[in-house]
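If you want the building blocks of each chain, they are given just below.
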Amino acid sequence: MSFVKKRLPAQENNLNRFLKVKIDDLETDKRELVGVFGRTGAGKSSLINAVIGEKNLLPTGDVSACTSVMIKVEANKQNKTYQADIEFIPNEEWKDELFQFLGDKADQEDDYYPDFVEKLSALYGEEKENKTSEMLMEKKYFKEIPEFLENKKKILTYESAEKLSGTLVRFTRRDLEDRESKVKRWYWPLVKCVTVRVPKNDLLQHVTLVDLPGNGDRNQSRDKMWKQLVGSCSTVWIVTDIERAAAETEAWEILENASSLMGNGGECQHIHFICARSDVNLNDREAILKRNTKAKKVVSEQFSQQETIKKQFSDEYLKVFTVTSNEFLEKKLLNPDETEIPKLKEFLQKLNDCHSETVNYVSGAHGILSLIQGASRRKGAGKNTDVCTDLDKKMKDELDKVRKPMEEAYVAFEKCLSEGVERSKRSCESVLKSFLHPRNMKGGAFHKPLKCVVENGGTHKPKKGKEMNLNGKLASCLTDSIDEEFKKTFPNERKCGPFNNVINTFSLDTKSLIEKYKDVELQLIFLKTEEDKIKTELNKMIRERKKTIYKSFTETIGENMQEGYSQAAGFCGEGSLKNMRDTIEKHVRAAKNIMFEKAKEKMLNQLRDLREEILEKLEKTMQESIELSLKTDGDSIPDVTWQLKEVKDYYNEL
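Residues numbered from 1 in each chain as written. Predicted model: local features only at pLDDT ≥ 70, side-chain atom pairs only at ≥ 80, totals over all residues. Heavy atoms only, no water.

*Asks:* Would you mind going over the pairing of strand β9 (residues 233–241) with me for this structure?
*Replies:* Where a strand is regular, its side chains alternate between the two sheet faces. Of all nine residues in β9, nine are buried; the element is thus mostly enclosed. Of the strand pairs in this sheet, strand β1 (residues 32–37) and β9 are connected by five bridges, and their pairing is parallel. Considered in β9, the bridge of Leu33 is made with Cys233. As defined by bridge partners, β9 adjoins strand β10 (residues 270–276) across seven bridges and the pair is classed as parallel. When the sheet's bridge partners are listed, Thr235 is paired in β10 with His270. (Buried < 20%, exposed > 50% of the residue type's maximum accessible area, 1.4 Å probe, protein only. Helix = DSSP H or I, 4+ residues; strand = E, 2+ residues; numbered from the N terminus. Pairing = 2+ DSSP bridges.)

Written out as structure tokens, the structure reads:
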């Protein structure tokens, strides 16, 4: 298409500018993200290696995985090398962490202090002794990773997966066992995310596999990226050992803690519970298959009993796989299909087929070339009055069809939220009591966690257990009041609901108009491709905006609670626990009549803004396309007959 762009006339008129923009705007659709969760040692790396057919890609075995580093695996479309882009945490955040634990007010009683000591040992070895935080930021410690001090990515490139893996281990794994290791420094404490790119891999053409920690991170940049990635996953794989599939609490906790981020707050359409190492401790094929059947039944039953998860996902979302990477590679007891690795491969292939960049590009190119050819043949724009009249009427009718369901959805949310506000006012006292006086913490044991909560704007991520989020607790009645309506309005399936579905059914019916107005067939073909493109763009926009809308309650509550948190954070010494509790309770009582109403209004405003933006974008885009394709003369437009034929043949073939 760059060749066609060069042939367009140099003079700047509306049609030429429009065509150049459209050619530049030919873009690919988003990649599908598959999030892979599981405890350390569950076999995530081995599974990914087996599924994508790269036995030696991700480091496995000898050293323990680092629980905080996120690893993305995707295709290298640029060349035939194996590449890793290493993204570090901002160096300022490491400087702050050093100061927190080594500075004048160092807190060695912090839950995370043992982790910090491990990080120091990994990064500095014995050189950490008797050093201040300023000394440990000196350049000499980062000679191999100068990119960290410059806040840039480090790029590794190798000819083989094995060589890349050997270098990558220092950035993604912990050396817990081998104290005789020749490696002087391990850099995983500074790494936020590693993107591994694999050449010549069909399964990764439009799919990215993401090896994710089980929950967020205390480090702000890691935690922010974790939440973004979890919210963007269209599929989630939960990997656990088959012998502990139903009983292992960590796997279910991961799913429970992330469920709202993946469900109404995200775009997850599939949950795959993967029972790994299905051949472990068994040497008989029939015994393996029998245990596999039992594991699938037990996991499915357990899923149906998970109340928090079921608020977001029905049983239809779940599929259970029993896999063994070893047997898939070695074929001693099971045939390949019985290892179920091929089923996961097939699933990834279907994701690729659903998101073909080639189809998107060719479709857009077909439309643009149709317009160029139609414009080059047109004798006069004034002859298209009848088709324009039909299109204008059809546009008005279709926009009304889009508007009505969205307005009805707004009314439904308004009703749900009015009830949610009243419930929130009534229940906030009991919510506060359960949060501020936890049963499992007696006496002054709650002082430190609560101090962390008020100092961090209402949230705290303890070393063990669930995240403490007072803003989320206070917003829970509002969230509960809309959960079902939200699922109906913004389903992750993308093809139904008042917002997505009305976009998908919008149509100017160009097919029947082509039968009626043969002389502008090429222009109408262009309008059809523009219609498809704007619908795709709007569906993407809805997918992203719904995440913002869903989390708006917690954000608004947090903003309204900030003054109370700041006051509570100021207390120290004797009686400070009671003072913090009293201050928060007093603030909520004073703010509750306004705070919950504000959260409701912000959510409704965002919903209304989305509706208006959809209607405006849809009308403006299609009106501009009609104006420039049917109401503007195409003087000096080049003939693109052979390019159109070539692309049309390719389009029909696809």
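That covers the picture; the talk isn't over yet.
*Asks:* Can you walk me through the packing of aromatic side chains in this structure?
*Replies:* Under the counting rule described, the total for this entry stands at 14 aromatic pairs. In this structure an aromatic cluster arises from ring pairing among Phe413, Phe486, Phe490, Phe499 and Tyr550. Of note, Lys331 hangs over the ring of Phe328, and the distance from its end group to the ring centre comes to 6.0 Å. When the ring centre of Tyr410 is taken as origin, the NZ or CZ atom of Arg611, which lies over that ring, is 5.5 Å away. (Phe/Tyr/Trp six-rings, centres within 6.5 Å; stacked < 30°, edge-to-face > 60°. Lys NZ or Arg CZ within 6 Å of the ring centre and 35° of its normal.)

*Asks:* Explain the sheet that holds β10 to me, please; I cannot follow it from the model alone.
*Replies:* Across a sheet, paired strands are connected by hydrogen bonds in the backbone, their directions being either parallel or antiparallel. Reading across from one edge, β5-β4-β7-β3-β8-β1-β9-β10-β11 is the order of the nine strands in this open sheet, with mixed pairing throughout. Each having just a single partner strand, β5 (154–158) and β11 (318–322) make up the two edges of the open sheet. Along the sheet, successive strands turn relative to each other by an average axial angle of 20 degrees, direction set aside. (Axes fitted to C-alpha atoms, helices over the stretch in contact; angles between N-to-C directions.)

*Asks:* Where do I start with the packing of helix α21 (residues 552–569) against helix α22 (residues 576–630) in this structure?
*Replies:* Between α21 and α22, the least distance of the axes is 8 Å, while the angle of their chain directions is 155 degrees. Considered as vectors, α21 and α22 are oriented roughly antiparallel to each other. As for how α21 packs across α22, the hand of that crossing is right-handed. Taking contact as the criterion, the partners of Ser552, Phe553, Glu555, Thr556, Ile557, Glu559, Asn560, Met561, Glu563, Gly564, Gln567 and Ala568 in α21 are, on α22, Met580, Thr583, Ile584, His587, Val588, Met595, Phe596, Lys598, Ala599, Lys602, Met603 and Gln606. For the contact of α21 with α22, the class distribution of residues is 11 nonpolar, eight polar and five charged. (Parallel < 35°, antiparallel > 145°, perpendicular 65-115°, else oblique. Left-handed = near helix turned anticlockwise from the far one by under 90°. Contact = heavy atoms within 4.5 Å. Nonpolar A, V, L, I, M, F, W, Y, C, P; charged D, E, K, R; others polar.)

*Asks:* I tried to follow the confidence of the model for the protein on my own but got confused; where do I start?
*Replies:* Interpreting fine coordinate detail is not advised for predicted regions of low pLDDT. Averaged over the protein, the pLDDT score is 85; the fraction of residues at 70 or greater is 83%. pLDDT under 50 marks residues 176–180. Its contacts with residues more than four places away, or in other chains, come to two contacts. (pLDDT = per-residue confidence, 0-100.)

*Asks:* Which parts of the structure should I look at to understand the side chain of Thr556?
*Replies:* Structurally, Thr556 can be placed in helix α21. Discounting chain neighbours no more than four positions away, the residues touching Thr556 are Lys598, Ala599 and Lys602.

*Asks:* Just checking my understanding: could you explain the pairing of strand β7 (residues 191–199) for this structure?
*Replies:* β7 sits mainly inside the fold: eight of its nine residues count as buried. The sheet contact formed by strand β3 (residues 70–76) and β7 spans seven bridges and is parallel. Residue pairing across strands places Glu74 opposite Arg197, the latter belonging to β7. Relative to β7, strand β4 (residues 82–88) runs antiparallel, the two sharing six bridges. Bridge assignment links Phe88 to a residue of β7, and that residue is Val191.

*Asks:* Sorry, what's going on with the pattern of salt bridges here?
*Replies:* A side chain with one charge can pair with a side chain of the opposite charge if their charged atoms come near. Throughout the structure, instances matching the rule amount to 48 salt bridges. Note that Lys154 is salt-bridged to Glu147, the shortest N-O span being 3.6 Å. Across the pair, exposure class does not vary: Lys154 and Glu147 are buried alike. Notably, a salt bridge pairs Glu267 with Arg543, separated by 3.5 Å at the nearest N-O pair. Of this pair, Glu267 sits in the loop between α9 (249–262) and β10 while Arg543 sits in helix α20 (residues 521–550); the two residues are 276 residues apart in sequence, bridging distant segments of the chain. The pair formed by Glu267 and Arg543 is uniform in burial state, with each residue classed as buried. Here the salt bridges share partners, and the residues they tie into one network are Asp223, Lys227, Lys461 and Glu467. (Salt bridge = Lys/Arg side-chain N within 4 Å of Asp/Glu carboxyl O.)

*Asks:* Help me out: how do you make sense of the packing of helix α4 (residues 91–102) against helix α5 (residues 113–124) in this one?
*Replies:* Relative placement of two packed helices is described by the angle separating their axes and the distance separating the axes. The interhelical angle for the contact between α4 and α5, taken along N-to-C directions, is 120 degrees, at an axis separation of 11 Å. The angle between α4 and α5 places the two elements in the oblique class. The way α4 lies across α5 gives a crossing that is left-handed. Of the residues in α5, those in contact with Trp94, Glu97, Leu98, Phe101 and Leu102 of α4 are Tyr113, Phe116, Lys119, Leu120, Leu123 and Tyr124. Of the residues assigned to the contact of α4 with α5, the class counts are nine nonpolar, no polar and two charged.

*Asks:* Can you walk me through the nonpolar core in this structure?
*Replies:* Counting 73 residues, the largest nonpolar core has Leu450 and Ile584 as its most contacted members. When contributions to this core are tallied by element, the ones reaching two or more residues are α15 (385–436), α16 (447–455), α17 (470–489), α18 (500–505), α19 (510–516), α20, α21 and α22. The contacts of Ile584, once residues within four sequence positions are left out, are Leu432, Leu436, Leu450, Val454, Leu470, Met561 and Ala568. Of all hydrophobic cores here, the second largest spans 65 residues; its members include Ala50, Leu156, Val198 and Trp237. (Core = buried A, V, L, I, M, F, W, Y, C linked by side-chain atoms within 4.5 Å.)

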